[in-house]
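Breakdown of the fold
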Amino acid sequence: MLSNYLKIALRNLWKNKVFSFINILGLAIGMAACLLILQHVTSELSYDEFHTQKDRIYRMKLDRYEKGVLATEWAAGCAAIGLAMKEAFPEVEEYALLRPTQGVVIYKEASGGPVSFKEEKMYFATASFLPMFSFDLVQGNEATALQEPYQAVISQSAAKRYFGQEDPVGKSISVDGKDTYEITGVFKDIPDNSHLKFNFLLSYETFVGWVGEEVRTAWQWDGFFNYILVQPGTDPKALEAKIPSLVEQKVGEELKQYNAGMTFSLQPLTDIHLYSHYMMEAEVNGDGDAVYALLIIAFFIIIIAWVNYINLSTARSVDRAKEVGVRKVMGSARTQLIRQFLFESVMLNTLAILLAMILVLAAYRYFNTLTGKEMTLAFFTTFTFWLIVAGFFLFGAFLSGVYPAFVLSSFKPASVLKGKMSTSKNGVALRKLLVILQFAASVFLMAGTLTVYQQIRYMQNQELGFAIDQTLVMEAPNVVDDSVYADQVQTFKTELLRSSSIRAVAASTAVPGNKPDWNAGGIRLIQQDESDSKQYRVIGIDYDFVEAFQLKTIAGRNFSREFGTDESTVLFNESAVKLLGFDEPEAVLNQEIFFWGDTFKIIGVLKDYHQESLKTGFDPLIFRLIPASRNYFSVKVETSRLPETIAFARNTWDANFPGNPFSYFFLDDHFNQQYQADLRFGKVFGFFAALAIFVACLGLFGLSAFIATQRTKEIGIRKVLGASVTGIVRLLSQDFIRMVFIASLIAIPIAYFVMQTWLTHYAFRISIQWWLLGIPVIMVLLIALMTVGLQTIRAALANPVHSLRYE
């Protein structure tokens, strides 16, 4: 019986080569696209799943309020909350603290001479951190490795960089040439799917020794990642509800004094990567909305492919009606016919799966480039992958095969063999409905792609408010003598300016593209009460920063060496002026503010510029004069002799800051890194939207070809009676035009709502113009007319003599 099914299936595939090819190719592309997207989605959803206690670990998010208004949202909040919760709530089994840091790590005893690298993936960590998480320690005791001051654990890759084949445990390293740490453990390199990535952990007790025991109970000092491990069975919402009373007990009076507030929420560990985008995130996190948008596209693609199969199979029902009639007369039962048609569906889906696997293997490297993630073929050897493949196969074969099977097997042999068989109205209505859904999906995806690209283009082309081009930024040295650093900086700048290719050099604590590290609260006019204090971002700059970046001074003046008192003055930007309570920039000049325990005079106001990407609004910025600012040197260069200029800068650096690695980047590249996630999302969305539309066109091509074939005799009669080619094309196309119109009515409101919701994530965004929705409708209409037109024109141009002989 199976051999008979196979013979008939192969005969039908070969007889209808075009339709078979369209079905197999459409299903293969749909399955391959889904598998690639699911690989990416699975990777994104797998973050932090490797921790054995993941379901019990939460990170504490801090929101700070001023006069009841939300001011800042911190991923790394105050230092005190973890310890306070452990002491107050029995539901909290343990807490762990991380404090980010960086520096130049030096191993002086290396056989080939001192080895040093600038390390940015470093944290001070409490002793409880390693036991709480599942970062595998291959050497050392996780319970005691970070218990004492000046202990460190390092990654395997760091151990190889510094120590080669030597055993690092027990050896010493120094950080910034000052503090010496004993290595007490080595851990496996952090997996890619971790929201925390680091190469060095330094004992938190070292940090406490520097700043004092009061840091353990500091509620107004932010920048600490607090993780708690709750007891099994704990309700996180109930625990979260207890925190306000704890805050009131600990710092309620102090907060009232400043008319401030603070609230905490528990972030599940496995939600951080996709749903946390707050101040001081440990890494650039993913986007949950983008991940699920790709899932929706995957769903559209595979549904469109299955719809194609159903459409073409049911459309060909008349073509196979005589076969069904003859087989029923010869004694075939309906169940046998159903099994035959399901077998054909299974065989076709099997061929599609095999082709899909080939497409995946051919495309996965390009897909890695598209998503910016390095995924290997390892995923395709996992149980999850094969479960997905099996699911596609079984669900696809059944879903796409069961309806045609029941339709075809239901034909009555008497009617069929008398030639009275015709397509049912229900079947036609179903096909039209499915085609409308395909058109609607195509309009939606095209509108989404256009909106995403327009928003990204808008952000990239918007005026930033500062000079970003031709700016080389060097990261400031770590290994320095503080007593002479200011003189070194001045000498360094003077020597750089001797080059004719360098126009300006400025030192600062932050550059555009970075959120300023300094977040200062308690700032107010000296005549105001403490309850009027506000939070601002603070950037330390030298005398040359404003001019080098061509920031516009709209009131007052810039810092100047001609005034000997400017180190006790500050500049505000427009947003900071408004936050202080003034409408006009001139009104704030010469006002004195209380700031970090001292008094400063406001001498100038700068026009707002985009310190960060256009996804965020203008921050209230205060610029403080610090001539020897740490962190960055911004060098304005001529690009005509760039290699020679970089070499000159490197030599000047080595002469002035020996022992410090020379590290630089170009500001425009650095700033545009903020848009990389959006660009990748736009490319991925556009690519798979195009695939979905292509698969829909395949089905439309096959369906229109079959309809044209079915109406061959009608076309011949119309031509004999005088119908023109144009009239026949219009007749055969009008149904599709009507379906595009109905699909547009469905898709446009949905696309508008979804895109408006997506755009709310951007502080500076486009408005959805009519053409963003109109162009997709026109494009889908043109694609439909071109696809259908190829078939209808060929049918209309055929000799009516041959047409009337058809059948």
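Keep in mind that what you see is a predicted model, and the values were worked out from it rather than measured.

Across its full length, the chain carries 24 helices and 23 strands. Considering only intrachain contacts with a sequence separation of at least 6, the fraction spanning at least 24 residues in the chain is 80%. Approximately 36100 Å² of the chain is accessible, and the part contributed by carbon and sulfur atoms is 57%.

With 12 residues, helix α15 (residues 485-496) should reach 16 Å at 1.5 Å per residue; the first-to-last C-alpha distance of 16 Å fits that figure. Here α15 has its buried residues at Tyr 485, Val 489, Phe 492, Lys 493 and Leu 496. Along α15, the residues classed as buried sweep out an arc of 95° about the axis, all on the same side. In the core, the buried residues of α15 are packed alongside β13 (471-475), β14 (502-508), β22 (632-637) and α18 (642-656).

Its 29 residues give helix α2 (residues 17-45) an end-to-end C-alpha distance of 41 Å, which sits within 8% of 42 Å, the value for a rise of 1.5 Å per residue. With respect to burial, α2 is a largely interior element, 23 of its 29 residues being buried.

Moving on to the nonpolar core. Of all hydrophobic cores here, the largest spans 117 residues; its most connected members are Phe 439, Phe 466, Phe 623 and Phe 688. In terms of nonpolar packing, the next biggest core, distinct from the first, is built from 53 residues, Tyr 58, Tyr 95, Tyr 107 and Ile 243 among them.

Looking at where Asn 285 falls in the secondary structure, it is placed in the loop between α8 (272-275) and α9 (288-315). Here Asn 285 falls in the buried class, since its relative accessible area comes to 12%. Within the structure, Asn 285 has its side chain in polar contact with the backbone oxygen of Ser 276 (distance 2.7 Å).

Okay, the packing of α15 against α18 next. At a closest axis distance of 10 Å, the pairing of α15 and α18 adopts a crossing angle of 155°. With respect to their mutual orientation, α15 and α18 come out roughly antiparallel. Between α15 and α18 lies a crossing whose hand is right-handed. Between α15 and α18, the residues in contact are Gln 488, Thr 491, Phe 492, Glu 495 and Leu 496 and Phe 648, Ala 649, Thr 652, Trp 653 and Asn 656, respectively.

A separate point is the pattern of salt bridges. For the coordinates displayed, the defined rule picks out 29 salt bridges. Measuring nitrogen to oxygen at the nearest pair gives 2.5 Å for the salt bridge that ties Glu 93 to Arg 56. Taken together, the residues Glu 93 in strand β4 (residues 92-107) and Arg 56 in the loop between α2 and β1 (57-66) connect sequence positions 37 residues apart. A salt bridge links Arg 537 to Asp 619; the shortest N-O distance between them is 3.9 Å. Of the two residues, Arg 537 is situated in strand β16 (residues 534-541) and Asp 619 in the loop between β20 (598-606) and β21 (621-625); the sequence distance between them amounts to 82 residues.

On the surface, Phe 741, Ile 742, Leu 745, Ile 746, Ile 750, Phe 753 and Val 754 cluster together to form a nonpolar patch covering roughly 660 Å² of accessible area. With respect to the helices, strands and loops of the structure, Val 754 is situated in helix α22 (residues 725-759).

Once that is clear, we can look at the confidence of the model for the chain. Residues at a pLDDT of 70 or more form 89% of the chain, whose mean pLDDT is 87. Within the chain, the element-level pLDDT minimum falls on helix α13 (residues 413-417), averaging 59, and the maximum on helix α4 (residues 129-132), averaging 98.

What follows deals with the pairing of strand β18 (residues 569-573). Most of β18 is tucked away, with five of its five residues classed as buried. A two-sided burial pattern is seen for β18, the buried positions comprising Thr 569, Leu 571 and Asn 573 on one face and Val 570 and Phe 572 on the other. Here five bridges tie β18 to β20, and the two strands are oriented parallel to one another. Considered in β20, the bridge of Leu 571 is made with Gly 604. Where β18 and β21 come together, three bridges link them in antiparallel fashion. Within β21, the position partnered with Val 570 by the bridge is Arg 624.

Turning to unusual backbone geometry, a few remarks are in order. Even without being a glycine, Asp 48 presents a positive backbone phi close to 65°. Classification of Asp 48 as buried rests on a relative accessible area of 1%. In the Ramachandran plot, Asn 259 falls in the positive-phi region, its phi being about 55° despite a non-glycine side chain. Summarising the element assignment, Asn 259 is placed in the loop between α7 (236-257) and β12 (260-268).

Another point: the environment of Ser 733. Residue placement: Ser 733 occurs in helix α22. Residue Ser 733 is classed as buried on the basis of its relative accessible area, which comes to 4%. Residues Ser 733 and Ser 704 lie 29 residues apart in sequence; the distance between their C-alpha atoms is 9.1 Å. For Ser 733, the contacting residues outside a window of four places in its chain are Leu 785, Val 788 and Thr 792.

Structurally, Thr 52 can be placed in the loop between α2 and β1. The class of Thr 52 is exposed, set by a relative accessible area of 71%. For the pair formed by Thr 52 and Ser 134, sequence separation is 82 residues and the distance between their alpha carbons is 6.4 Å.

Overall, the coordinates contain 49 aromatic pairs when judged by the stated rule. Summarising the aromatic geometry, the rings of Tyr 162 and Phe 163 are spaced 6.5 Å apart at their centres and angled 45° between planes, so their arrangement reads as tilted. Judged by its relative accessible area of 4%, Phe 163 falls in the buried class. Each residue in the set Phe 50, Tyr 123, Phe 129, Phe 133, Phe 135, Phe 187, Phe 198, Phe 225 and Tyr 227 is aromatic and connected to the rest through ring pairs, giving one cluster. The positively charged end of Arg 161 is found above the aromatic ring belonging to Phe 117, 5.3 Å away from the centroid. The aromatic ring of Phe 563 is capped on one face by Arg 557, whose charged end is 3.6 Å from the ring centroid.

Turning next to the pairing of β13. Counting buried residues along β13, five of its five residues qualify, which places the element largely inside the surrounding structure. Taking every second residue as pointing to the same face, both faces of β13 are buried, with Thr 471, Val 473 and Glu 475 on one and Leu 472 and Met 474 on the other. Looking at chain direction, β13 and β22 are connected through five bridges and run antiparallel. Paired with Met 474 across the strands is Phe 633, a residue of β22. With three bridges connecting them, β13 and strand β23 (residues 664-666) associate as antiparallel partners. Within β23, the position partnered with Val 473 by the bridge is Phe 665.

Rules used throughout
- Residues numbered from 1 in each chain as written.
- Predicted model: local features only at pLDDT ≥ 70, side-chain atom pairs only at ≥ 80, totals over all residues.
- Heavy atoms only, no water.
- Helix = DSSP H or I, 4+ residues; strand = E, 2+ residues; numbered from the N terminus.
- Contact = heavy atoms within 4.5 Å.
- Areas by Shrake-Rupley, 256 points an atom, 1.4 Å probe, with all protein chains shown as cover.
- Expected span 1.5 Å × (residues − 1).
- Buried < 20%, exposed > 50% of the residue type's maximum accessible area, 1.4 Å probe, protein only.
- Arc of directions from axis to C-beta.
- Core = buried A, V, L, I, M, F, W, Y, C linked by side-chain atoms within 4.5 Å.
- Polar contact = N/O pair within 3.5 Å; in protein donor to acceptor, adjacent residues only side chain to side chain.
- Axes fitted to C-alpha atoms, helices over the stretch in contact; angles between N-to-C directions.
- Parallel < 35°, antiparallel > 145°, perpendicular 65-115°, else oblique.
- Left-handed = near helix turned anticlockwise from the far one by under 90°.
- Salt bridge = Lys/Arg side-chain N within 4 Å of Asp/Glu carboxyl O.
- Patch = residues over 30% accessible without salt bridge, like charges linked within 9 Å, V, L, I, M, F, W, Y side chains within 5 Å.
- pLDDT = per-residue confidence, 0-100.
- Pairing = 2+ DSSP bridges.
- Phe/Tyr/Trp six-rings, centres within 6.5 Å; stacked < 30°, edge-to-face > 60°.
- Lys NZ or Arg CZ within 6 Å of the ring centre and 35° of its normal.

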